[in-house]
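Examination of the molecular architecture
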Amino acid sequence: MEHSDYILKIMDERGITSYRMAKVTGISESTFGQWRKNPSSNIYSGNLVLIADYLDCSVDYLLGRTDDPTLHRK
């Protein structure tokens, strides 16, 4: 599973649209669309931090390295 797959899965589970993520994070909506068409693990680290902050989870959770989204709070 590519890193973008984890992000999109979390967005889908939480009912967050690409439009909303783009507005809040400043990442283009087309980036999320590209990930849906062609999943990628090449994601700019700054974007991972923006997404993790908005979703209130750790970058490790977004990358599938942990099942605990609250790891960053410990």
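Reference entry: report on the structure contained in this document. (Residues numbered from 1 in each chain as written. Predicted model: local features only at pLDDT ≥ 70, side-chain atom pairs only at ≥ 80, totals over all residues. Heavy atoms only, no water.)

1. What to know about the overall build of the protein chain
Helix and strand counts for the protein chain come out as 5 helices and 0 strands. Reading the helices (α) and strands (β) of the protein chain from amino to carboxyl end gives α-α-α-α-α. Relative to the 2.2 N^0.38 estimate, which gives 11 Å for 74 residues, the radius of gyration of the protein chain is 11 Å and therefore close to what a compact globule would have. Across its three principal directions, the C-alpha atoms of the protein chain cover 35 × 25 × 25 Å. In the protein chain, the 9 positive side-chain charges and the 10 negative ones have mean positions that sit 4 Å from each other. (Helix = DSSP H or I, 4+ residues; strand = E, 2+ residues; numbered from the N terminus. Rg over C-alpha atoms; globule rule 2.2 N^0.38 Å. Lys, Arg positive; Asp, Glu negative; His and termini not counted. Charge placed at Lys NZ, Arg CZ, Asp CG, Glu CD.)

2. Considerations on unusual backbone geometry
The backbone of D56 shows a phi angle near 55°, a positive value even though the residue is not glycine. The partly exposed category is assigned to D56, whose relative accessible area is 41%. (Buried < 20%, exposed > 50% of the residue type's maximum accessible area, 1.4 Å probe, protein only.)

Spatial relationships are all this shows, so hold off on functional conclusions.
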